[in-house]
Structures are given as C-alpha cells and as structure tokens.
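Chain and residue survey
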Amino acid sequence: MKFTFTDKKVNLPKSLHSYAEKKVGKLDRYFKNEAEANLVFSVEKDRNKVELTIRSGSTILRVAESTSDMFASVDAAVTSMERQLRKHKTRLEKRLRQGAFVQPEPVEETSFVPDVEEGEFQVVRTKKFPIKPMTVDEAILQMDLLGHSFYAFKDEDGGVFAVVYKRNDGGYGLIEDEA
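All figures in this text were calculated on a predicted structure; none of them were measured in a lab.

**Overview of the nonpolar core**
Counting 24 residues, the largest nonpolar core has Val24, Leu39, Phe41, Leu52, Ile54 and Met81 as the members making the most contacts within it. For this core, the elements supplying multiple residues, two or more each, are helix 1 (14-25), strand 2 (36-44), strand 3 (47-56), strand 4 (59-67) and helix 2 (70-87). Broken down by element, this core gets its largest block of residues, six residues, from helix 2. Among residues more than four places away in sequence, those in contact with leucine 39 are Phe3, Thr4, Phe5, Thr6, Ala20, Val24, Val50, Glu51 and Leu52.

**Remarks on the sheet that holds strand 1 (residues 2-8)**
Strand order across the open sheet formed by four strands is 1-2-3-4, with mixed pairing between neighbours. Every other strand in the sheet has two partners, leaving strand 1 and strand 4 as the edge strands with one partner each. Looking at each pair of strands side by side, their axes are set apart by 15 degrees on average, direction ignored. Note that strand 3 and strand 4 share nine bridges and pair antiparallel. Bridge assignment links arginine 55 to a residue of strand 4, and that residue is isoleucine 60. Across the face of the sheet, helix 1 comes into contact with strand 1, strand 2 and strand 3 while running at roughly 135 degrees to strand 1. Lying on the sheet, helix 2 is in contact with strand 2, strand 3 and strand 4; it crosses strand 4 at an angle near 140 degrees.

**Let's talk about the pairing of strand 6 (residues 150-155)**
Sheet analysis places strand 5 (residues 133-134) next to strand 6, joined by two bridges and oriented parallel. From the neighbouring strand, methionine 134 faces strand 6, where its bridge partner is aspartate 155. The parallel pair strand 5 and strand 6 is bridged by helix 4 (residues 136-146), and the resulting crossover is right-handed. In this structure, strand 6 lies alongside strand 7 (residues 161-166), joined through five bridges in antiparallel fashion. By the bridge assignment, phenylalanine 153 is partnered in strand 7 with alanine 162.

**Considering helix 4**
When helix 4 is considered as a whole, its buried residues turn out to be Ala139, Ile140 and Met143. Viewed along the axis of helix 4, the buried residues span an arc of 100 degrees, placing them on a single side of the element. Pointing more than 90 degrees away from the buried face of helix 4 are the exposed residues Asp137, Leu141 and Leu145. Residues of helix 4 that are buried sit in contact with strand 5, strand 6, strand 7 and strand 8 (172-176).

**With respect to the environment of lysine 8**
In this fold, lysine 8 is placed in strand 1. Considered as a pair, lysine 8 and valine 43 are 35 residues apart in the sequence and their alpha carbons are 7.6 Å apart. Excluding anything up to four places from it in sequence, lysine 8 contacts Val40, Phe41, Ser42 and Val43.

**Re helix 1**
Working note: α-helix, 3.6 residues per turn, so residues spaced by three or four point in the same direction. Counted at 1.5 Å a residue, the expected span for helix 1 with its twelve residues is 16 Å, and the 16 Å between its end C-alpha atoms agrees. Of all the positions in helix 1, only Leu16, His17, Ala20, Lys23 and Val24 are classed as buried. All buried residues of helix 1 fall inside an arc of 130 degrees around its axis, so they share one side. Turned more than 90 degrees off the buried face of helix 1, the exposed positions are Lys14 and Lys22. Residues of helix 1 that are buried sit in contact with strand 1, strand 2, strand 3 and helix 2.

**Notes on unusual backbone geometry**
One non-glycine residue, lysine 9, adopts positive backbone phi at about 55 degrees. At lysine 45, a position not held by glycine, the phi torsion is positive, near 50 degrees. Secondary-structure assignment places lysine 45 in the loop between strand 2 and strand 3. For lysine 45, a relative accessible area of 81% corresponds to the exposed category.

What counts and what doesn't
Residues numbered from 1 in each chain as written. Predicted model: local features only at pLDDT ≥ 70, side-chain atom pairs only at ≥ 80, totals over all residues. Heavy atoms only, no water. Core = buried A, V, L, I, M, F, W, Y, C linked by side-chain atoms within 4.5 Å. Buried < 20%, exposed > 50% of the residue type's maximum accessible area, 1.4 Å probe, protein only. Helix = DSSP H or I, 4+ residues; strand = E, 2+ residues; numbered from the N terminus. Contact = heavy atoms within 4.5 Å. Pairing = 2+ DSSP bridges. Axes fitted to C-alpha atoms, helices over the stretch in contact; angles between N-to-C directions. Right-handed = clockwise from strand over helix to strand, strands pointing away. Arc of directions from axis to C-beta. Expected span 1.5 Å × (residues − 1).

Set out below in structure tokens:
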C-alpha cells in the first residue's frame, strides 16, 4: 500500500505517521491491486481529525473521524473503514481480493466491528422533473430557496448536467459531467 500524509495547520511527529502506516496497512489485505492511502491530519476546534481515503482501481473509500487524541482518531478511522468494507462486502466482493473477509488464524488484535448483514438498497421515493438550463449562481439560489443540500441542473453555458452542493465548511461545490 502506498501512503500519502498531509498535515494541515499542525506539525506531527514521524511516529504518528509510522503508527498510521502500520494500522492502515492492515487494510491492505482487502484489496487486489496496489492500493493508495491518503491520510489528512488536522486540528479543528480542539478535535484531532483524520481523513482516510483509499483508492484501489476504480474503487474509492473515504472516512473521517475526530477525537481528542490523534492516535485514537487513526484507530477510529481504520475501524470505520473496516466497518464500511464489511457493510458493503457483497457488493465489493468482485473488486476486492479473493478471501479478503476470511479471518486469518492467528489474531493478535481483535476488531470490535460486528458483521452486519447487508440489506438491499431500497428506493422509497422517485421524483421526475424537467431539468432546466441555468447558471451556477441561479442553481445555488434555487437550492437555498428549497432548503436542500444539493441541486441538479443543466448548465446554461455548456449544456452539461451538473450538481451544486453545500460543503461542510460552508462553501459550495460543483460537480459537472465531462461530456
């Protein structure tokens, strides 16, 4: 597994990076290809935050955890990632390494992540509406007027399908079709 560490507005000791590499490296058994792990460490409102993103082929998995201790945040992020993998294991089996969910015999550390049976995705409501051409500013305004966290529209300039969304930091994001 390849690792990339980013420290945002904080100076961390190399021991934390090696600790994170050891803990996240245990997730390598789930992936067929050489996976890439990106860890972003930051401190927000006296909370130590770790964002873990793993890319393996076309599969991208992401979790973010924050606790009062950076080492505990790393542990929580690894546990959340493992929980996410187990939750979606039947859908991910084709993309993950053969036998990834089989527990090895000698278990030095136990994981308290329960095996949760995965249910079917259930669509509970379907809406159909015309997608009108508009500018990004108009789409953001419409999203705010509706009180939604995202809004789908057709970009007036390029005519491509796009989505605007509210970010956690208070800003807005834009997703556009490459066509």
